[in-house]
Each structure stands twice: as structure tokens, then as C-alpha cells.
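Tertiary structure, described
Chain by chain, the residues run as shown.
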Amino acid sequence: MRKCRAVPYEGDENYIFFSYTHEDADIAYPVIELLYDSGYRIWYDEGINAGDEWPEIIAEHLEKAAVFISYVSAKSQESHNCRREFNFAVQENMRNVCILTEDIRLTPAMRMQMASIQAIKRYELSEEEFKSTLCNAEIMKSCIGSVPGEVRTDSAMAKDEPSTVIYRRDRKSYELVSAKNGEIIKLDKPVFKIGRKSELCDYVIKDNVGISRVHAIFTVGVEGVRVTDNNSLNGVYINDKPITPGAEVILKDGDTVDLCEEIFTFRTKQM
């Protein structure tokens, strides 16, 4: 089982409690990392230290959490601990997001309790649709912010060595500045879409027929901003060089972003 590079949050601000069975770790960890990279404070039970009392640590973090995410699969439904965590969250009227990983028959108790819970059917969504739906869920907004803590470097993870500690003291904001009219576009969501279709995008370009429905996707996380060409018709160019459709490219301060001759300058600002 691979390591998860997300650092479980410890602090007094609002955070997400992520419930999953360890049998699903290989598919659950990328979701935890997605939320972590998008700036969410998140706790999951890999944060328990050797020798700690498992039920007490779980109960303490569950009780203090602002949002409960349940990662529901056939395996998690068989897990006593997952069911216990889910029941506690429902009984305490916690804000709850349920991620259904597969089209499974839920237990009667689960079906009854999920009547008033926001459910995301991952198996019905593309990867980009899933990322956007989850990361932009209004119910979790209070848990987003700058996250101080530990980051395991790739080399340390490979050797299973102690984490390298990086304290993120500085908060940053990100924006695009239009070369056409100087308009400033704030990249103020974890997943920010630019394109021609207003109901699908956060910023709409209507007067350019070369812009695709969803032309480019900007993912904002603790490490900065990554841009993806969403298989657009006319491509995305960074500093006059095309990027591979579907691949993520990290933007640097001062980079130019060209979306079919709609040119923007990417800027990073300290908050």
C-alpha cells in the first residue's frame, strides 16, 4: 500500500474528517491528496501515532471536525469502523458529503440516512467533473485555507523516512490579467474553469468563436496554480508554447497564458 503525501491537519480551524476503509487506500488517497492540494484542511486516520489509543483519537478528531466525508464502497460498507463513524456523523448532524465510488446496493440503514446528505456518484462522472464537483462543494468552503504542517518529500516517501517539515506561513492569491482590456480575473476557487459555456465556466469568453465550451481548467492548491488544456479545439499556450491536452502545467508568476488569442498574464500576490 502506497503512502499518502497529505498531512493530517492538527489545529483549531475548521477541517474535514475523511472516513474510508484501509482496503480502499489506493483509490482513497488520491482523493485525499486532491483536497489537500486544493488547500483544504483535512484529517484522516494515517495521522495516528504508534502507541496512541485508536478509538479515542478517532472520536476526538471526528467530534471536532466541521465536515464529514464518507468514501463509500462495497468494502467500506463491510467495515465496522466506517459504519460507526458514519452513524456518529449523522447523529451529530454534521455537514456530510458522501462519495459513492461504485454503483452498489446500499444497506437499508445507509439508504435511509443518506436521504438528506449530499452524495457524489463518482462512477457517473469524468475525472475532471468529479474534481470540480468535489472541490467546489459549498458545504466544505469553511475548511479551506493555508495549511501549515509536514510534507513528505518523494525521496523520503520512497525510503519511508521521517517527513520533511515545511511551514507554509505565507498566503497567496492568484489572478489573470487580460492583455486586451486589463481586466483582472481572480482565481478564487479550487477548480476554476474558463470557456465559452456560461453554465459550465467560472469566467466566460463569448466573443471568440475559437474558445471551446470549457477551454482551460485552473486548479488552485497550496503549491500554486496548475493549468490544464481541457482538450480544447485551439489549444492552450504558456509563454507561446502549447501544452499537452489533459496534462497539468504549474504556472509561474509572470507567465503568459494564451487561449486562442485571448492572452492573459498570470500573477501571484501575497495576502
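All of the points below concern the structure found in this document. (Residues numbered from 1 in each chain as written. Predicted model: local features only at pLDDT ≥ 70, side-chain atom pairs only at ≥ 80, totals over all residues. Heavy atoms only, no water.)

1. Overview of the sheet that holds strand E4 (residues 95-100)
Taken together, 5 strands build an open sheet; the order of strands is E2-E1-E3-E4-E5 and the sheet is parallel. In the strand order of this sheet, the two ends are held by strand E2 (42-43) and strand E5 (118-121), each with one partner. Sitting on the sheet, helix H4 (residues 80-91) is in contact with strand E1 (16-19), strand E3 (67-72) and E4, with an inclination near 145° to E3. Packed onto the sheet, helix H6 (residues 127-135) meets E3, E4 and E5 and runs at close to 165° relative to E5. (Pairing = 2+ DSSP bridges. Helix = DSSP H or I, 4+ residues; strand = E, 2+ residues; numbered from the N terminus. Contact = heavy atoms within 4.5 Å. Axes fitted to C-alpha atoms, helices over the stretch in contact; angles between N-to-C directions.)

2. So, helix H1 (residues 25-37)
Each α-helix winds once per 3.6 residues, and so residues spaced three or four apart point in a common direction. For H1, spanning 13 residues, the distance from its first C-alpha to its last is 17 Å, which sits close to the expected 18 Å at 1.5 Å a residue. Counting buried positions along H1 yields 10 of 13 residues, so the element is predominantly enclosed. Looking at H1, one finds that the buried residues are Ala-25, Ala-28, Tyr-29, Val-31, Ile-32, Glu-33, Leu-34, Leu-35, Tyr-36 and Asp-37. Immediately downstream of H1, the backbone of Gly-39 shows phi near 95°, a positive value. (Expected span 1.5 Å × (residues − 1). Buried < 20%, exposed > 50% of the residue type's maximum accessible area, 1.4 Å probe, protein only.)

3. Section: the nonpolar core
With 34 residues, the main nonpolar core has Phe-18, Tyr-20, Ile-32, Leu-35, Ile-69, Leu-134 and Met-140 as its most contacted residues. Examining the composition of this core, we find that 8 residues originate from one element, H1, more than from any other. Residue contacts for Leu-134: discarding those within four places in its chain leaves Val-31, Leu-34, Leu-35, Ile-69, Ile-99, Ile-120 and Met-140. Membership of the second largest hydrophobic core comes to 23 residues, among which are Leu-176, Ile-194, Tyr-203 and Leu-251. (Core = buried A, V, L, I, M, F, W, Y, C linked by side-chain atoms within 4.5 Å.)

4. Let's talk about the pairing of strand E10 (residues 191-195)
Of all 5 residues making up E10, 5 are buried, and the element is well covered by its neighbours. The two faces of E10 match: Val-191, Lys-193 and Gly-195 on one face and Phe-192 and Ile-194 on the other face are all buried. In terms of strand pairing, E10 meets strand E12 (residues 216-221) through 4 bridges, oriented antiparallel. Bridge pairing links Ile-194 to Ala-216 in E12. Across 2 bridges, E10 lies against strand E11 (residues 203-204) in parallel orientation. Within the sheet, the bridge partner assigned to Ile-194 lies in E11 and is Tyr-203.

5. Here we look at the environment of Ile-99
If you trace the backbone, Ile-99 turns up in strand E4. Separated by 35 residues in sequence, Ile-99 and Leu-134 place their C-alpha atoms 8.8 Å apart. Ignoring anything within four residues of it in the chain, the contact list for Ile-99 reads Val-31, Ile-69, Ser-70, Tyr-71, Val-72, Ile-120, Arg-122, Phe-130 and Leu-134.

These values are about where atoms sit, not about what they do.
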